[in-house]
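# Observations on chain architecture
Here are the chains, one letter per residue:
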Amino acid sequence: MTEPDDQSSLKQLDERLKAARLQRDKDRGINQPGRSPASNAGVGFRIAVEMVAALVVGVGIGLLLDNWLGTKPWMLILFFILGCGAGFTNLIRVARDIDRKTRLAKQSKDSGGGQEG
Amino acid sequence: MAAGEKHSPLDQFKITALSDEPTMLGGFDISFTNSSAAMLVTVLAVTSFLVFSMRGRALIPGRWQSCAEICYEIVANMLRDNVGSEGRKYFPFIFSIFMFVLFGNLIGLIPGSFTFTSHVIVTFVMASVIFIGVTAIGFARHGLGYCRMFFPHGAPLWTAVILVPIELVSYLSRPLSLSVRLFANMVVGHVLLKVIAGFVIALGFFGIVPLAFLVGITALEFLVAALQAYIFTILTCIYLHDAIHMH
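What comes next is a walk through the structure. (Residues numbered from 1 in each chain as written. Chains lettered and ligands numbered in written order. Predicted model: local features only at pLDDT ≥ 70, side-chain atom pairs only at ≥ 80, totals over all residues. Heavy atoms only, no water.)

### A look at the overall build of chain A
A tally of regular secondary structure across chain A gives three helices and zero strands. Counting across all 117 residues of chain A, residues that qualify as buried make up 20%. Nonlocal contacts in chain A, meaning residues at least 24 apart in sequence, comprise 53% of its contacts between residues at least 6 apart. (Helix = DSSP H or I, 4+ residues; strand = E, 2+ residues; numbered from the N terminus. Buried < 20%, exposed > 50% of the residue type's maximum accessible area, 1.4 Å probe, protein only. Contact = heavy atoms within 4.5 Å.)

Structure (structure tokens):
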């Protein structure tokens, strides 16, 4: 109240800092989702690789165990199913990660645009 | 590999020994190949880039020093954001990986050179080293408690029968997904460049259209080269974070 100039300049500084931070976050997030078709394709590719990798590892373990234990089809069947499960676990994990990142980006945009609270 | 064709788009990935006679050691062919040469060149390029650009040690960096500092800061920020302060002591390793992959990808874009990251065995070995190292760090930090990693917190105990194998397979799939992502991106980019370059000659005058494409794709490939090095490193950081903090 006594020194309105100080207050307003502090507020200004705060706003400028916020804008600068937002800009930095924007610059830093190279693989932020929803920025361009190319990065969306990257997300799709990532999900595909995660799913296929889990399945391949599952089938590989199944075949190895079958060879080792002599239980011809059973381990393969079991680990194929487990590989599917692992693939979907990976998928959910990636999706959750992307979700969290989008929400963070939205949050920082919201708090950067107006006043917080 | 396409058989017969002299100039197949996959020819660029062929590994040939540089010496005439294969060098044998214990029954294995350990000849010095074009792949090893590319790796050696990459290591030399990274070392000389960092050593010579930082020789001035100026307070106000020049162009080269700025480049080196940008590389340092990218990795340092990545490590701080994804692993936290405990990750600082792994900085040399992460930085080496980043520079090796980045320079390998970029040197591979020079016409006539060889991209060693386009061979799945190379990326898989790198990913395996990371995977084994990270797992060792996890066990060293948490002891047997690291096995809790394979059981989601708060799930009913009887579900362990299904969940533990699934988590185990999911965990084991990490080196594969890490290596396949880098390798596939590099192969796709280079094959695309070769195939479209083939159209340029075949179409005669209208070859100017694929030529324009080629210019755009080459620029895109530089982006992909940098981005894939970045992603490879950031995933390493995420795995390291999991090992240190356990989720």
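Read on for the rest.
### Focus: empty space enclosed by the protein
Rolled over the atoms, a probe sized like a water molecule indicates the empty space that remains. Residue and element names in this part refer to chain B. Summed over the entire model, instances satisfying the criterion amount to one cavity of 30 Å³ or more. In this model, the largest cavity occupies a volume close to 30 Å³. Ile130, Phe131, Val134, Tyr171, Arg174 and Tyr239 together form the lining of the largest cavity. Element by element, the count of residues in the lining of the largest cavity is highest for helix H4 (residues 120-142), at three residues. A class-by-class count of the residues in the lining of the largest cavity yields five nonpolar, no polar and one charged. (1 Å grid on protein atoms, 1.4 Å probe; cavity = no way out; pocket = protein on both sides within 12 Å on 5 of 7 lines; lining within 4 Å. Points joined across faces, edges and corners; volume = space filled by probe spheres on them. Nonpolar A, V, L, I, M, F, W, Y, C, P; charged D, E, K, R; others polar.)

### Concerning the packing of aromatic side chains
All names here are of chain B. Tallied over the entire structure, the rule returns 11 aromatic pairs over all chains. Between the aromatic rings of Phe49 and Trp64, the centroid separation amounts to 6.1 Å while the plane-to-plane angle is 65°, which identifies the pairing as edge-to-face. Linking Phe49 in helix H1 (residues 34-53) with Trp64 in helix H2 (residues 63-82), this pair joins segments that are 15 residues apart in sequence. Linked through ring pairs, Phe131, Phe139, Tyr146, Phe150 and Tyr171 together constitute an aromatic cluster. (Phe/Tyr/Trp six-rings, centres within 6.5 Å; stacked < 30°, edge-to-face > 60°.)

### With respect to the interface of chain B and chain A
Taken together, the 19 residues of chain B in the interface contact 21 residues of chain A. For the pair chain B and chain A, the summed buried surface comes to about 1,700 Å²; carbon and sulfur atoms form 68% of the total. The largest contributions to the chain B side of the interface with chain A come from Ile166, Val169 and Arg181 of chain B, which together make up 29% of the buried area. Connecting chain B to chain A are two salt bridges. (Buried area = accessible area lost by both parts, 1.4 Å probe. Salt bridge = Lys/Arg side-chain N within 4 Å of Asp/Glu carboxyl O.)

### Some points on helix H5 (residues 160-172) of chain B
Spacing of three or four residues puts side chains on the same side of an α-helix, whose turn is 3.6 residues. Taking 1.5 Å as the rise per residue, H5 of chain B with 13 residues should run 18 Å; its terminal C-alpha atoms sit 17 Å apart, in good agreement. Every buried residue of H5 of chain B is accounted for by Ile166, Glu167, Val169, Ser170 and Tyr171 of chain B. (Expected span 1.5 Å × (residues − 1).)

### Things to note about a nonpolar patch on the surface
Residues and elements named next belong to chain B. A cluster of nonpolar side chains, Phe93, Val120, Ile121, Phe124, Val125 and Val129, forms an exposed patch at the surface whose accessible area comes to about 500 Å². At five residues, H4 tops the list of elements feeding residues into the nonpolar patch. Here Phe93 shows up in helix H3 (residues 91-108). Here Phe93 falls in the partly exposed class, since its relative accessible area comes to 41%. (Patch = residues over 30% accessible without salt bridge, like charges linked within 9 Å, V, L, I, M, F, W, Y side chains within 5 Å. Areas by Shrake-Rupley, 256 points an atom, 1.4 Å probe, with all protein chains shown as cover.)

### Considering H3 of chain B
Here H3 of chain B is 18 residues long and its end C-alpha atoms lie 25 Å apart, about the 26 Å a rise of 1.5 Å per residue gives. Most of H3 of chain B sits out of view: 14 of its 18 residues are buried.

### Here we look at the side chain of Ser173 of chain B
Secondary-structure assignment places Ser173 of chain B in the loop between H5 and helix H6 (174-202). What makes Ser173 of chain B buried here is its relative accessible area of 1%. Within the structure, Ser173 of chain B has its side chain in polar contact with the side chain of Asn90 of chain A (distance 3.3 Å). (Polar contact = N/O pair within 3.5 Å; in protein donor to acceptor, adjacent residues only side chain to side chain.)

### With respect to the layout of surface pockets
Residue and element names in this part refer to chain B. When its volume is computed, the second largest pocket comes out at roughly 390 Å³. Gln12, Pro111, Gly112, His190 and Lys194 are the residues nearest the centre of the second largest pocket, which is lined by 21 residues in total. Residue assignment for the lining of the second largest pocket shows that the elements contributing at least two residues are H6 and helix H7 (208-245).

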